[in-house]
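Inside the fold
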Amino acid sequence: MLPLRSGIGEDAGKLLAQSLFSKIKPICVELSQVLNAPEFNINKVRSLLTSLEAALYKHLKEAQDQVVIYRLPETVADYIFFPISNLLKFPRLDDSITQHILAIIGFLIDNAWSFNVNYNLIDQLFPLLVYLSGFDTKAQETSLSEKSLQFKSSSISALFSISKTLTRSYFQGEGKRLVFLSNSISIVIDIIGSTTPNSQEAIKVLEIIFDTILQLVQCLTSSQQSQILPGIVSSVTTFGSKNSNIPAELTIRILKVLSFIICNSFNDNELHAELDVHHIKNLKDLEVVWNTNEVATTERCNITITETDHRSLSWVKATSKQLKISLTVFFKTILHSEKNKQRLKSKPELYNEVINFVSGILNSCFATLFTEFASLSIDILSSLVYASSYGEEKDINDKISSISNMLCLCLDDDSKAMAFFEILHSKLLYLLQNKLTSTLFSIDEEKVSMTIASLKLNFQLLFDLSRSQSTDYQVLNELRKFTLKLFRQHMLDRFNLENSKSASKIGNSDTLIPLNEGESSNKLDSIELPEYVNVHNIATQNKTLTKSTSSYIHNLQLISRNWNEASILANSEESSTLGIGTKLIEFKVAGFIQFLSNLRFRNDSDSTLNDLEDIFMDCDDNSLETSLSLWIATRLIKNYTSSKSIEEHEFDPDKFLDFTETEEESSYIDEELDAGEESLYLVLAKSEELISSVSSKDDGELNVSDELIYCCALDAINELAGKLSKEQFQSDFLMDNLLVLIKSLTYNNRPRVQQVAQNTVKSILEAYYDNSMKKLIIENSDYLIDSLSLQMSVASNLTPVLPGILVIIIKITGIQLLESNQLTDILTEMFVLLDTYHGYNKLAESFFVVFESLTEQINKQYGSRQTIKSADNINSSSYKPWGMSSKEQMMALISGAGSVLDSVVEYDSTKEYFKRKTDVPFSEISQDSDDEDESEEEQEEEEEEEEEWQSVVPKKVYFILQRIFNYGFVLIAQPSFSLRAQIIKTLRLIFPLLCFNYKLVLPVIASNWPLLVTLISGSKSLSTYPNIDVIGYTSEETNLMFQSLEFVTEILTEDVSKEEYFFARKFQEAWEFMSEHSKLISSKGTKDELSKERSLTVSQSPLRTHPKLRNVLIKFLITGVQAYERTIPDIVRYNVVSLCHRLKIPEDLILSRDTAGIIEVLQSHEL
C-alpha cells in the first residue's frame, strides 16, 4: 500500500508506478498480442481498451485518497501508450475504439506528460487528437455532429487536457501550431452546435468545452483573438439563443468566455481609442434609427483608434455592430425566459457574473464599443434587475442603486462620465417620448414592469452621474417634470377611454333599437318575441328611483348592523386603488413616482415644491386633471418626514442658549422648513378644494369622475396624516372636513371611495389618536356636532347620508355624547323634522335606524344592570298595606303600628301644616276650591321631588328614550311596511329600558294598546264595519304581525315579572277582537275548521305557510292566559287554550297546571 497522503518523491512515484503497472501489464500484453494476430478482432480490442481505461481511472480514484498529487512516471505512460500506437497504425478504426483511445491519451496527458511538458511530444499529440476527434484536414471540416455524446466527451476531454499544457510561447513563431489550435476551435464549435444541454452528461461536456475555449484563447494575443472572435461569439450566442434552459453554471462559463475575448479584442489601451461625443442641445437633434427603434449615437460621436493590425476603424464598426446583434439575442434569451429568471433569483453568482460582464467591457472597451454597447449595457442591466427580483419595490430599488454605483466606478474619468451622461440623456428622452405611453396602454404587465425598471435605472444613473460630476441638475429636473406630466396625461387618457367604453356599453344595453338597422329584429332583452308583438311599441319603466330608495335604507341598515371600528383598524392600505388600468400598473406607476421623489440633492430642498407648483399650474381648472395631479403630488411627498419641523424646531433651551448660530444658518433652516411645509399645505389646499367640489353629493349622485376626485383627495389626506402636527391637522383640516370624512365611510355603493376613506381614517388614528376612533370623535365633537346641527336645521341641507353619519358617531362614542348633552340638540332637530316631515317615510325610517343604534348603545351601558330595588322591608304596592311579599314587610307593618296610634309624637310645633288666608273665617276656607287644588298640586310636586328615581337609566336618558317611544307610536300608523317594521324593532329595544321605571311606561302602553291590537290581528283599524275584510296577507304584513306579536308578548311578560298584572283586561280585549274580526284566528264556523278543511286558502291564512308566525301567536295567547288566568273567565281561557291546542303548541313552551289540565280535557274529547 502507498503511504497515506505521501508526496510524490522517488519512493512514492515508484510505489505508484508499481501499483498501476501490476494492474495494466496483463491488459497491455494481451492487447499487443491481439494486434499482432493475423486477423483484427474488433470486439476483443474494444473489450481490452475498455478494461484498460477502467483500470486507469479506478487506480486514479483509489490513489487520490492516499497521495496529494497523482503523477505517473513517463516510462509507465510510454508503456501504456505502446499498444495504443500499434493500434493507430490501422488505416480505419471504429468510433467505439477511437473513443477509448482518446480517453486513455487524455489520462496520460493529465497524469504523466503534463508535469514536464515536452513540446516535441505535444507537436505529435496535438495533431493526433485533432485527427482522432474527426477533423478532416483536407476538407477543413469536422464530423463530430454525427458522433455519440460519449465520443464527444472523450474528444473534448483530451483536447482540454492538452490545452492545459499549452502557453502563449508555444504558438509564437510556429504557424503550424496555430493551425492545430484553429482546428481544435473548429472541433469545439462543432460540438457546441450539435449538443443540447438536456442531460447531466451533455451539460458536463459543454462545461468542458467552454473551459477548453478559454484555455485555448488565453494562448493567443489580442490580435489573434480578434480574428477568431466572430466565429466564437456567433456560435456561443447562437447556442444560448437556441437553448433557453441553460443551467446557471454553464451560463457563467459562457459569459466568462465572451467577456475575455471581447475585452481583449476591443481593448481601448491596445487600440489607443479615443471618444468625442457631441452634446444634445435640443430635442430635435435626436435621430432615431428606423429598424432598431433606438437613438442614433453614431452621428453624435467620433471614435479614433491607432491601426496597428487588421483591427481598423471600419473593422471595429462592422464587428461591433454584429457583436451587438449577437449579444442582444443572447441576453434576451437568458434574461427573459422564465426558467432563467428563476435561476437569476436563486443563483446570486449568475447575477454577479452578468454585472461583471458589463462592467468588464465598460472598463476595457468603453471608447471602442461606446457606439454599440453603451446603450445595450443599460438595457442588459435593466432586464437583469427585473428578472432577478421578486417584484418588490424595495428589492428593485436596492439593486438599481447598487448597479448604478458600480457603473459610476467604471466611468473613472470625466470624459467617460460625460459621454455616458449624454447617452443616458438621449435614451431617457427616447423611452419617455416613444415607449412609455404605448407601454402603459399595453395589457402586458411584464412589459410595463420592465419599462418602469429601465426608467428607474436610467434616472438613477443620471442622478448619480450628475452628483459625481457636479453637473447642472436642470437636465434631471426637466426630465422628471416631463415624466410626471406624461404620467398624468396617460392616466387622464386611459380614464376617458375606459369610461367611454363603459358608457357606450350601457347606452347600447338600454336601447331597444336593433344594432343592425338593415336586419329585421323583434327582440327584447335578447328574447325573440312573437310576430304580433312589436318591440318598438313596448315602453320600459324606469325603476331607478325605487331601487335607489330601497338601496339607501338597505345601506343604512348595513351600516347599523355591521359597521365597527375594528374594520377600520384591521384595514389594509395596499388594497386601495384608483381603478385606472390594472392594479399592478397603477402600483408600478406610483412606485416610480415615489422613486423620482427620492432623487433630490441637499442643496435642492425646494425642488419638490417647484415640481408640485409646476404640475398643478398646468391643470386648466379641470377638476379631473387636478385630481390626477394631486395623486401624483401625493406620491411625491410620500417620503417627506416632518420630525424635523415638528420636534427639532420647537423650543429647546440648549439651542436657545447657543449663540454661535448665525443669522444666515437660521434663515436657511427656516427656508428649508418653509419649503417642506409649504409643499404639504399646497397638497392640503388642493385636497380640500376637490373635497368641497364633490362632498355635497350623495353616493348615488356621484359619477365615475366624482369618485376618482374623491379617491384622490382622500388619498392625499391619508398621506398628510402624521406629516403635520396634531394642532395643525385639527385646525386646518378636521375642523371643516371631519364630517365629510365620516360621510365617505357610509358610501357602501362606492366601495372604492369607502376603502380609501377607511385607509385615511386609519392613518389619522395611528398618527394622532392612539388608534382610537372614539378619541377622534370626542376631541373634535364640538365642530362635528355643530356641522351636523347646521345641516339638519336647514331643510335644503338635508341629505340621505346624515343618518348614516349619526349611526357611525353613535356606534363609536356610545352614549358619551348623549350624557354630555352634545347629542341633545341633534335629537331635538330630528324630533322637529319628524313633526314637520312625518309623511316622508324614508326620512322617518332612517331616523328610527339611528334611534335603534342609540338604543343599542344605551342598552350596552345600562341593560345588564339590575333594577334599583327598594329596601326589603318597604312595601311598594299601590294597595298597601296589602300586597306584602316578604316577612320583613310584615314585621315592618307590625312594628310601625304604635306610631300610627301615637302620631302626635312626630308633631313639629315649628312647622306650619296648613295655610289660610288672613281675615277669612274657617267656614269659607273649605269652599275655596282653587286654593284647595293649588295646595294639592304643591303637595304632589313636593312628593315627586322627594321621590327617589328608581331607574338605573339616568333620568335625562330615560326621557329621551320615552320621547322616541312616543314618536314610534305616532308614526306606526304610516302606510309604509318597512317603516312600521323598523319602528316595532326600535320599540322592542327601548321597552326593556323603560321598564326600569315601570310606572312611567304603563300609561304609554295603555294608551297605545288599541294600535298594537290592530297590528297583531292584521287589521287596518279597530273598526268592526262588516265591509272591512282582509283577503290574504302579504309577506310584509306577515312580518309586521310577527314582530308585533313578539312585542306584545314581551309586554305581557314584563307585566307579570313586575307583578302589576295591569294588562289582564287589555289581553281579553285583544282576544275578543282577534277572535271576532281577525282572519288569523276567526272563530266563525264549525269547531274543527282550523284543524280540517277551513274555508281560508293558503294565501289567506299565513299560519299555514309561516310556522314561526303560528308559534309566536300561540306564545302570545298562552302567555296571556297563564299570566292572568285568575282574572280571565273560564270559558275565555278554555277557548284560547283550545285554539292553541288545535294549532299545535310548541314543545319548548312551558305550560301552567291549569293550562295543562285544559289540554288533557281537550285530548280526552278528541279520543
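Residues numbered from 1 in each chain as written. Predicted model: local features only at pLDDT ≥ 70, side-chain atom pairs only at ≥ 80, totals over all residues. Heavy atoms only, no water.

1. Notes on unusual backbone geometry
Quick reminder of the rule: Working definition: helices are DSSP H or I runs of at least four residues, strands are E runs of at least two. Numbering for both runs from the N terminus. Think of it in three bands: residues with accessible area under 20% of the maximum for their type are buried, residues over 50% are exposed, and the middle band is partly exposed, with areas taken using a 1.4 Å probe on protein chains only.
Of note, the phi angle at Tyr1061 is positive, near 55°, even though the residue is not glycine. In this fold, Tyr1061 is placed in the loop between α45 (1035–1057) and α46 (1064–1077). For Lys1144, which is not glycine, the phi torsion reads 75° and is therefore positive. Among the structural elements, Lys1144 can be located in the loop between α49 (1130–1142) and α50 (1153–1166). Owing to a relative accessible area of 61%, Lys1144 belongs among the exposed residues under this scheme.

2. Regarding the side chain of Arg343
To be explicit about the condition: In this tally, Asp and Glu contribute negative charge and Lys and Arg positive charge; neither His nor the terminal groups of the chain are included. Basic side-chain nitrogens of Lys or Arg form a salt bridge, by our definition, when they fall within 4 Å of a carboxyl oxygen of Asp or Glu. We call two residues in contact whenever any of their non-hydrogen atoms come within 4.5 Å of each other.
Here Arg343 shows up in helix α13 (residues 338–346). Buried Arg343, no salt bridge; nearest opposite-charge side chain is Glu249, N-O distance 6.8 Å. Sequence-distant contacts of Arg343, that is, excluding residues within four places in its chain, are made with Ser244, Asn245, Ile246, Pro247, Ala248 and Leu350.

3. Structural notes on helix α17 (residues 414–440)
The condition is simple: Consider a residue and the seven residues that end there alongside the seven that start there; fitting an axis to each set, the bend is the angle between those axes.
The axis of α17 is deflected most strongly, by about 40°, at Leu432. A large share of α17 lies buried, amounting to 19 of its 27 residues.

4. Observations concerning the environment of Asn499
Put simply, the test is: Nitrogen and oxygen atoms within 3.5 Å of one another constitute a polar contact, given that in protein one can donate a hydrogen and the other can accept it, and given that sequence-neighbouring residues count only through two side-chain atoms.
With respect to the helices and strands, Asn499 occurs in helix α19 (residues 474–510). With a relative accessible area of 18%, Asn499 lands in the buried category. In the structure, Asn499 is positioned 205 residues away from Val704 in sequence and 7.8 Å away in space, judged by C-alpha atoms. Among the polar contacts listed, one links the side chain of Asn499 to the backbone oxygen of Phe495, at a separation of 2.6 Å.

5. Here's the deal with the confidence of the model for the protein chain
This is how it is decided: What pLDDT reports is the predictor's confidence in each residue, on a scale of 0 through 100.
Here the protein chain shows a mean pLDDT of 79. Residues at 70 or above account for 77%. Here residues 1024–1030 is modelled with pLDDT under 50, and outside its nearest four sequence neighbours on either side it reaches seven contacts, counting other chains as well.

6. What about the packing of helix α15 (residues 370–388) against helix α16 (residues 393–410)?
The condition that has to hold: Angles run from 0 to 180 degrees between N-to-C directions of axes, and those axes are lines fitted to C-alpha atoms, restricted for helices to the stretch in contact. Every angle not falling under 35 degrees, over 145, or within 65 to 115 is termed oblique; those three ranges are roughly parallel, roughly antiparallel and roughly perpendicular. With the far helix as reference, a near helix turned anticlockwise by less than a right angle produces a left-handed crossing, and one turned clockwise produces a right-handed crossing. The nonpolar class holds Ala, Val, Leu, Ile, Met, Phe, Trp, Tyr, Cys and Pro. Asp, Glu, Lys and Arg form the charged class, and all remaining residues, Gly among them, are polar.
It is at 10 Å that the axes of α15 and α16 come closest, and there the two elements cross at 150°. Relative to α16, the element α15 lies roughly antiparallel. Where α15 crosses over α16, the two elements pack in a sense that is right-handed. Along its contact with α15, which presents Leu381, Val385 and Ser388, the element α16 presents Asp395, Ile396, Lys399, Ile400, Ile403, Met406 and Leu407. Here the residues of the contact of α15 with α16 sort into seven nonpolar, one polar and two charged.

7. Considering the packing of helix α2 (residues 42–64) against helix α4 (residues 95–113)
Close contact between α2 and α4 brings their axes to 9 Å; oriented N to C, the two are set at 25°. When the axes of α2 and α4 are compared, the pair comes out roughly parallel. Once α2 is placed against α4, the crossing between them reads as left-handed. Residue-level contacts link Ile42, Val45, Arg46, Leu49, Thr50, Leu52, Glu53, Leu56, Tyr57 and Leu60 of α2 to Ser96, Ile97, His100, Ile101, Ala103, Ile104, Phe107 and Asn111 of α4. Among the residues forming the contact of α2 with α4, the class breakdown is twelve nonpolar, four polar and two charged.

8. Topic: the pattern of salt bridges
Tallied over the entire structure, the rule returns 40 salt bridges. For Asp1130, the salt bridge identified is with Arg1133, shortest N-O distance 2.6 Å. With Asp1130 and Arg1133 both in helix α49 and three residues apart, this pair spans about one turn of that helix. Overall, Arg1133 belongs to the buried group, its relative accessible area being 11%. One salt-bridge network, held together by shared partners, links Glu207, Asp211 and Arg253.

9. A few points about helix α3 (residues 74–87)
What counts, and what does not: By definition here, a helix of n residues has an expected span of 1.5 Å times n minus one.
With 14 residues, α3 should reach 20 Å at 1.5 Å per residue; the first-to-last C-alpha distance of 20 Å fits that figure. At Phe81, α3 shows its largest kink, close to 30°, and the proline Pro83 lies no more than four residues downstream. Among the residues making up α3, those that are buried are Val76, Ala77, Ile80, Phe81, Pro83, Ile84, Asn86 and Leu87.

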